[in-house]
Amino acid sequence: MNRVFIIAEAGVNHNGSLETAMRLVDAAAAAGADAVKFQTFKAEKLVTQAAAKADYQKQTTGTGESQLDMLRKLELKYEFHAQLRDYCRGRHIEFLSTAFDFDSLRFLADEVGVAKLKVPSGEITNGPFLLAHAETGKDIILSTGMATLGEVETALGVLAFGYLGWERPGLARFREAYASAQGQALLRQKVTLLHCTSEYPTPPEHVNLKAMDTLAQAFGLPAGYSDHTEGLAVPIAAAARGAVLIEKHFTLDRSAKGPDHQVSLEPDELKQMVAAVRTIERALGSPLKIPQPVELQTRDVARKSLVAAAPIASGELFSVENLACKRPGTGLSPMEYWRFLGTASSQNYAIDDLLGDSGGLP
């Protein structure tokens, strides 16, 4: 059974509070998620003073402040990270965070020691930042929201180049790294792709979930899904389509102030989603179409066998009048019906005797 890796995306829903962040860890652990993920950044290194808010941010936080001012209030302080990492260990859930600037990336990789790194969709064309991720040597989850297949391939070339440790970076060298057997092997070993639609919330008709399959087929890499829809249906459907990883935003209170709370699951909903995904992964089973052990008793009861529709004497010919198909299915298959027609019986049968059953002997 392939286990789906579930990331409970806390993001910035802590609103800068360590206490709230720890409560988010508690909720993610109680829901059964594999990891809880935050976001690590210094606002001044992420956006300019003139950067506008996204439309969804304007709707959730108003237009009275800049994106820079909003993000300053949502920073997860560096000194909180080690405490959260250790707290996660105590709750048996993996601590992850997404870096949005070079200093934060180095901090997460070197000082916090996260096991894997998440590249957000907005950074998929940020070549220097992608290269810095790969140069850490850590496993990478690459989100592909807003990207074309060509952009994904270029990003993978940068990652392959970084993993290989080659010199003289540039587009031609990235293509060479991507095409190399060693580069491909490293990508398969270290990279998971995430299909994503970068709209908050995402209307179901814009999810394009089949593109997750396209990513896996085009690049030969494991593919998962980062969800921004409302509710549970789409991430559960992604699990049913074979997603290896599901990422979903969650919050303690959807009515709280902040840009992401309204498109997040609350703790009970997160728990429902995790339970549903676990059910789906068990239900996917094997591609082999064979009877399951639990079906064998039902098969004998539900299927039919060849039986005598009337008394049949030894030497009498089998015919449409004296043959029938009835339950149970413990005798000869009705697929043998035509082989018997017109042949002589070698024994006596009473009505409803199974053909070939010794109970039909005199």
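One can find the structure itself at the top, above this paragraph.
Bear in mind that the values here come from a model prediction, so they are computed numbers and not experimental data.

Bringing the nonpolar core into the picture now. The biggest cluster of nonpolar side chains holds 47 residues, and the ones touching the most others in it are Val-36, Phe-38 and Phe-250. The element best represented in this core is helix α1 (residues 18-31), accounting for eight residues. Ignoring anything within four residues of it in the chain, the contact list for Phe-250 reads Ala-8, Glu-9, Ala-10, Asn-13, Leu-24, Ala-27, Ala-28, Val-36, Ser-264, Leu-265 and Leu-270. Core analysis: the second largest hydrophobic core is formed by 26 residues, Leu-142, Leu-156, Phe-174 and Leu-221 among them.

Before going further, it helps to spend a moment on the pattern of salt bridges. Under the criterion given, the structure shown has 18 salt bridges. In this structure, Asp-34 and Arg-278 form a salt bridge, with 2.8 Å as the shortest nitrogen-oxygen distance. A residue pair is termed long-range when its members are at least 10 positions apart, and Asp-34 in the loop between α1 and β2 (35-40) and Arg-278 in helix α13 (residues 267-284) qualify at 244 residues. Each of Arg-3, Asp-34, Arg-278 and Glu-281 takes part in a single network of salt bridges with overlapping partners.

Let's shift gears to the packing of aromatic side chains. Inspection of the entire model under this criterion finds nine aromatic pairs. A ring pair is formed by Tyr-337 and Trp-338, whose centres lie 5.6 Å apart and whose planes are at 90°; its orientation type is edge-to-face. Overall, the relative accessible area of 17% leaves Tyr-337 in the buried class. By the ring-pair criterion, three or more aromatic residues cluster together here, those being Phe-161, Trp-166 and Phe-174. Over the face of the ring belonging to Tyr-78 we find Lys-42, whose NZ or CZ atom lies 4.4 Å from the ring centre.

What follows concerns the side chain of Thr-202. Position of Thr-202 relative to the elements: it lies in the loop between β6 (191-196) and α11 (210-219). Given a relative accessible area of 5%, Thr-202 falls into the buried group. Among the polar contacts listed, one links the side chain of Thr-202 to the backbone oxygen of Thr-197, at a separation of 3.2 Å. In terms of polar contacts, Thr-202 uses its side chain to reach the backbone carbonyl oxygen of Glu-199, at 2.6 Å. Every residue in contact with Thr-202, bar those within four places of it in the chain, is listed here: Thr-197, Val-207, His-228 and Thr-229.

What counts as what
Residues numbered from 1 in each chain as written. Predicted model: local features only at pLDDT ≥ 70, side-chain atom pairs only at ≥ 80, totals over all residues. Heavy atoms only, no water. Core = buried A, V, L, I, M, F, W, Y, C linked by side-chain atoms within 4.5 Å. Buried < 20%, exposed > 50% of the residue type's maximum accessible area, 1.4 Å probe, protein only. Helix = DSSP H or I, 4+ residues; strand = E, 2+ residues; numbered from the N terminus. Contact = heavy atoms within 4.5 Å. Salt bridge = Lys/Arg side-chain N within 4 Å of Asp/Glu carboxyl O. Phe/Tyr/Trp six-rings, centres within 6.5 Å; stacked < 30°, edge-to-face > 60°. Lys NZ or Arg CZ within 6 Å of the ring centre and 35° of its normal. Polar contact = N/O pair within 3.5 Å; in protein donor to acceptor, adjacent residues only side chain to side chain.

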